Amino acid sequence: MLVLAASVRAEPLVTGFERFHGEVATREGGALLYSELGCVNCHGAGPGLAVRQGPVLGDLKGRVNAEWVAAFLADPQQVKAGTMMPGLFEGLDEKEKAVQVEAVTHYLMSLKPTGKAAKPKVPKHANAERGSAVFHQVGCVACHAPTADFHPAAGAPKAEEFTSRPVPLPELKAKYCVLSLAAFLEAPDKVRPDGRMPHLGLSNEDAMDIACHLMDFRPSDPREAAGLKAFAVEAAKVKRGGEIVGKMNCAACHELGGAEKPVVATVALKAKVGGCLTGEAAAGRPRYALSAVQVAALELYLKGAPELAVAERADLTLKAFNCMACHDRDGVGGPDVARNRYFVGDEGIADAGRLAPPLTGIGRKLRPEWMESVFKGAGRVRPYVKTRMPVYAAQAKALTKMLGEADKKELPKLAAGDLQAGHKLLGIAGGVNCITCHVWGDRPSLGIQALDISQLDKRLQAEWFREYLLNPAGYRPGTLMPPLWPGGVSMVKDVLGGDAEKQIASIWEFIAKGEGLPEGYPEYVTGAFELVPKDGPIVQRTFLNEVGAYAILAGFPGGLNVACDGETGRPALVWRGRFFDAYSTWFVRAAPFEDPLEKEVFAWAKGSDAEGGGFRGYRLDKGGRVNFLVTVDGVGVEDGYEVAEGTLRRTVAWEAGAKEPGWSHPAGVMMSEVKGAKANQRVFVYSWK
Amino acid sequence: MSANLNGRLRVGVGCFALLLPLGAGAIEPGYEAFEIYTASSPSSSRDATWKPGDGVTLEVSGLSWIGPDRLGVTVRKGEVWFIDGVLGEDRSKIGYHRFASGLHEPLGLLQDGKDFLVVQRTEMTRLQDGDGDGVADGYLTAARGWHVSGNYHGYAYGPERDGKGNLWVSLNLDMGERANNGVGWRGWALTVDEKGQLQPMAAGLRSPCGFGVNLDGEMFATDQQGTWVAATPIHHLRKGVFYTNQESIETLKDPESAVKVTGALPKDCPYPEAVRAMPQMAPAAVWLPYNKMGRSGTDVQVIDQQGKFGPFDGQLLVGEFTNSAVNRVFLEKVKGEYQGACFPFLSGFPAAVVRLAFAPDGSLFVGMTNRGWSSLGNRSYGLVRVRQRGEVAFAVKEMRAKPDGFELVFTEPVDATSAGEVKSYSMESFTYLYSGAYGSEEIEKAGCEIQSAVVAADGMSVRLKMKGLRELFVHELHLDGVRAKSGEGLLYPVGYYTLNRLP
């Protein structure tokens, strides 16, 4: 099913090592391995990278099949090539090994979760095909192998385009059941608190669909999927297993749940060569199938002082979390040619519309509080990038602090800004036209829908903003963002004397403190579903507050609007300004009762027409009039509305020979009558400010 | 796209020179499908913030063939579109033209002389194009009077004309906030007389999402699994009967109610007991067992194509929402009432199948929309054309009840050895619990002993004799061992016969 067959290479995969330090042994590469392989967890004295743990093992019984656990313990690299889990039963004879593996399995399956295990909701429907689409879109394949069923629009990758092995998945059908895999995917941080398999903010539905895809479960009802195989723990084996686990110091890497915290023993390094590095089987020694370059790198690291400078730490931390799978930093990293094919988004914004932003100087780009909120899962500002920034809530504070220190650099301060000038410069009336491409709050831009710039001050550091505007490509090569002050020279000479520094500061000033919209926004650019009458009236039925379930709205060019009750035929409301947003009426399953888009709405005063006496439909005439066919006082009436000279004109025409019904008018609105109407007709003009 | 009632709007979609076949294997052998128009949405179909893709939001809610090469389509956001050129081979030549807009979720379309009738949430509306410019200018109330609470589930369907010319409308039950099912014919099928007056005909429906007329001119409707509805039933609509759902039972007290009930209402008992306890209760003509045949039946379309759509003329096609499929229903009259069997038929559509209509050339148009629920399709909405071409798969064409068993008619001669062996078949019967719960498990399951299987001389049919047939139970037949003369097995070796009456 996977595009890449399991590799024959079996050394543990630390992607950041394999991709960036895998050719020649370096001390940095060794530091990364020392931390990521968990060496530091037993031996201490590490490089100070974010803690690398194994999975939390409480509630293992609720998550995975015991049979798989036993197989994995017996030979981790065989069951999951590239795993960082070492072989722990080396140097034992086969019989003793089998006994110990079984005992440890019983022990692990007996563990209880520390907290209350949350039962995730199980959706009634699942869709494996959709799961595949989500799996390939939200970022799973930045680390894991794509599956063969999915064909990226950019073409399938070639094997040689992958610069590192995919992070291995075990035989999922052996390990999980559909529901337990879905539960894991929905909240991986519960099992993997170290963030190496990060929380992607998948919805309940996304997680289930992906699980069904990965487990190849095709029926639509996931509740029908087979569960985990039953396993009965035996007390004697649990006891024996517990002793072995204590002796092996498993708790150094794994949280084992349970009430009492197991003691973690520090194993002082006696020598800086040999031991675990040899790869030779010996009782009591974990066996890592290290490659030669991995061994050499670890030896290099162990020879020097363990501490690293903050810039090195930042670099290795980003590699440890595999941030570089998506992000580029100082020209290094970002998706390789193969994985790049799976990053999709808004083609209108070119690569910036589909790829994650560079991390170059990220610590001086983002305000620390914003960066922290991004790590915590908030602050998603690029809705067009379909790959999701994972959540690193537990690490947020430390990562923010580290990146801030690593990227610290004295930058020139921003000059004093001018609000008025900023208002003009952002706009399209003699400004630098920011809003042509950039979204402003809830206003779409006039062209491509690039990043919302109305709140940049909340995100960015002012000094970085200045540096970026002077040379956008310096931060992101190939960006569509043009240099608006090439060589520090403004192209707009008549604002602030063409002073680039003052202009940039003024743009910042308006973003931070200005009110309203940048200059030159055309009259309201609609959300896609606001109805804006232009060439003639627009009629729309909906459920409307104050009118009811039968409401019929008619909006006219020039911003005059009326609502009629399609049950009784009564004229109900008039208002001036924006007409109606049809989104909920058109697309929301449980559509709410709606309101006009303006707050100032006038209702009909009491009168026999305001009661209504029946509704028979409406006609639209060529002149732009909407004629409601109603009954008033038992008389058939055409109650017509149109715009004439900026006012709302109402023409009522009743059946020839019948007694004229009683009319009333919206309260609070000026009414005048046009004299000289035809027989059986009256023409009223409504106007108001 | 701005709405302009006076202007003509044409939207070009796609730039493919040829019709694109759906993925291989999506449709049963002998049938090929072409995407006329499909769209994805950037959000999932159950998302409260769902948005459509670009272009025409063709969330099909009504389909009606209105000219030699013109298809009329209602869409859920409240528009009527005319689509021209869909029978050609060149998708770029298809024209989309908006005829009407501003309607409130119309769920059906019917041509009536020069006019068009649509049922929207609040009324049946006559759409007129008085000035002949191709865009409706008259939106005239043609019938109303049912209760509209404003609850989302209060859908209204139709109109559809039966063989006698009656116009049928059906009304969903409300569900949730503002729900009011006790008044105004919620849960009823009604006809509309020439004066526009509603004639309440049959009660006890829940979500009768679609209907259609068989070759006898009789009207059939689906209902959907939910409270008081165990699975998807096909009901024969006629005056004075009650089906299953009691949530609108108060409406039976209305003086105009065509259904009068005296005595206690059955509840929490096996469905056959309920039918026997309540003389007004008309049993479903056919049950489409839940999950086995899909989850939610939608439209009904009779095959009346003189063999142009395979050898199934006279049978009903039933749209299936969740599984994005089309099922097949065989009906026969036994002791004056319709009953019959259902079979899986076409599957793999790109979105939930909601509407079906045959084109003049015998191809089937399948209208789809997922929004608000889920389907196995990976698109949000659209329109697919299905053509019969080549040999259809080996299938059970008909399953007829006999006093002591069934007669099976096949699409091609069977292999006399395998089809003549009792062990090639197995049958179990079951029924449902009749209660106010949402859906029902299959209950009172029992096997039927197959005593003999006799192949007809021409090999086209097999007569099964068996023990243990039960009236009002669903009989699930498996034919795993049956081979065609060619050696081929059945594509779907299963059929579900609803045996209301033994002949």
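Residues numbered from 1 in each chain as written. Chains lettered and ligands numbered in written order. Predicted model: local features only at pLDDT ≥ 70, side-chain atom pairs only at ≥ 80, totals over all residues.

Focus on the packing of helix α13 (residues 310-320) of chain A against helix α17 (residues 396-406) of chain A
All names here are of chain A. The line we're drawing: Each axis is a line fitted through C-alpha atoms, and for a helix only the stretch in contact is used; angles between axes span 0 to 180 degrees, taken between their N-to-C directions. By the criteria applied, helices consist of DSSP H or I runs no shorter than four residues and strands consist of E runs no shorter than two, each listed in order from the N terminus. Orientation categories follow fixed angle ranges, with anything under 35 degrees roughly parallel, anything over 145 roughly antiparallel, 65 to 115 roughly perpendicular, and all other angles oblique. Left-handed describes a crossing in which the near helix is turned anticlockwise from the far one by less than a right angle; the clockwise case is right-handed. Contacts are defined on C-beta atoms placed from the backbone: any two residues whose C-beta positions lie within 7 Å are in contact. Charged residues are taken to be Asp, Glu, Lys and Arg, nonpolar residues to be Ala, Val, Leu, Ile, Met, Phe, Trp, Tyr, Cys and Pro, and polar residues to be all remaining types, Gly included.
Orientation of α13 relative to α17, taken along the N-to-C sense of each, is 130°, at an axis distance of 8 Å. Put simply, α13 runs oblique to α17. Note on packing geometry: the crossing formed by α13 with α17 is left-handed. Together, Val-310, Ala-311, Arg-313, Ala-314 and Thr-317 of α13 and Met-402, Leu-403, Glu-405 and Ala-406 of α17 make up the contact between the two elements. Each residue belonging to the contact of α13 with α17 can be placed in one class, and the counts come to six nonpolar, one polar and two charged.

What to know about the packing of helix α7 (residues 128-137) of chain A against helix α10 (residues 204-214) of chain A
Residues and elements named next belong to chain A. The interhelical angle for the contact between α7 and α10, taken along N-to-C directions, is 100°, at an axis separation of 7 Å. In terms of axis orientation, α7 runs roughly perpendicular to α10. Here α7 contributes Ala-128, Arg-130, Gly-131, Ser-132, Val-134 and Phe-135 to the contact with α10, which in turn contributes Asp-206, Asp-209, Ile-210, Cys-212 and His-213.

Quick look at the environment of Val683(A)
Residues and elements named next belong to chain A. Selection criterion: For every residue, the other C-beta atoms within 10 Å of its own C-beta are counted; 20 or more classify it as buried, 12 or fewer as exposed, and values in between as partly exposed. C-beta atoms are placed from the backbone.
Relative to the helices and strands, Val-683 is located in strand β15 (residues 681-687). Of the residues examined, Val-683 has 18 C-beta atoms within 10 Å and is grouped as partly exposed. Taking C-alpha positions, Val-683 is 8.7 Å from Ser-672, a pair spaced 11 residues apart along the chain. The residues touching Val-683, leaving out its near neighbours within four places in the chain, are Arg-649, Thr-651, Glu-673, Val-674 and Ala-677.

Let's talk about the interface of chain A and chain B
Short version of the rule: For two strands to be treated as a pair, DSSP must find no fewer than two bridges joining them.
Chain A puts 37 residues into the contact, and the matching count from chain B is 37 residues. Elements with a minimum of two residues in the side of chain A that touches chain B: α7, β4 (538-544), β5 (548-556), α24 (583-587) and β10 (615-620) of chain A. For the side of chain A that touches chain B, the per-class residue count stands at 18 nonpolar, eight polar and 11 charged. Note that β10(A) and strand β10 (residues 138-144) of chain B share three bridges and pair antiparallel. Residue pairing in the sheet places Tyr618(A) in a bridge with Tyr139(B) of β10(B).

Thoughts on the sheet that holds strand β19 (residues 286-288) of chain B
Residue and element names in this part refer to chain B. What the four strands build is an open sheet, ordered β15-β16-β17-β19; its pairing is antiparallel. Every other strand in the sheet has two partners, leaving β15 (211-213) and β19 as the edge strands with one partner each. Going from strand to strand, the sheet's axes swing by 20° on average, the running direction of each strand aside. Two elements, strand β17 (residues 232-236) and β19, share three bridges in a ladder whose sense is antiparallel. Opposite Thr-232, over in β19, you have Leu-288 as the bridge partner.

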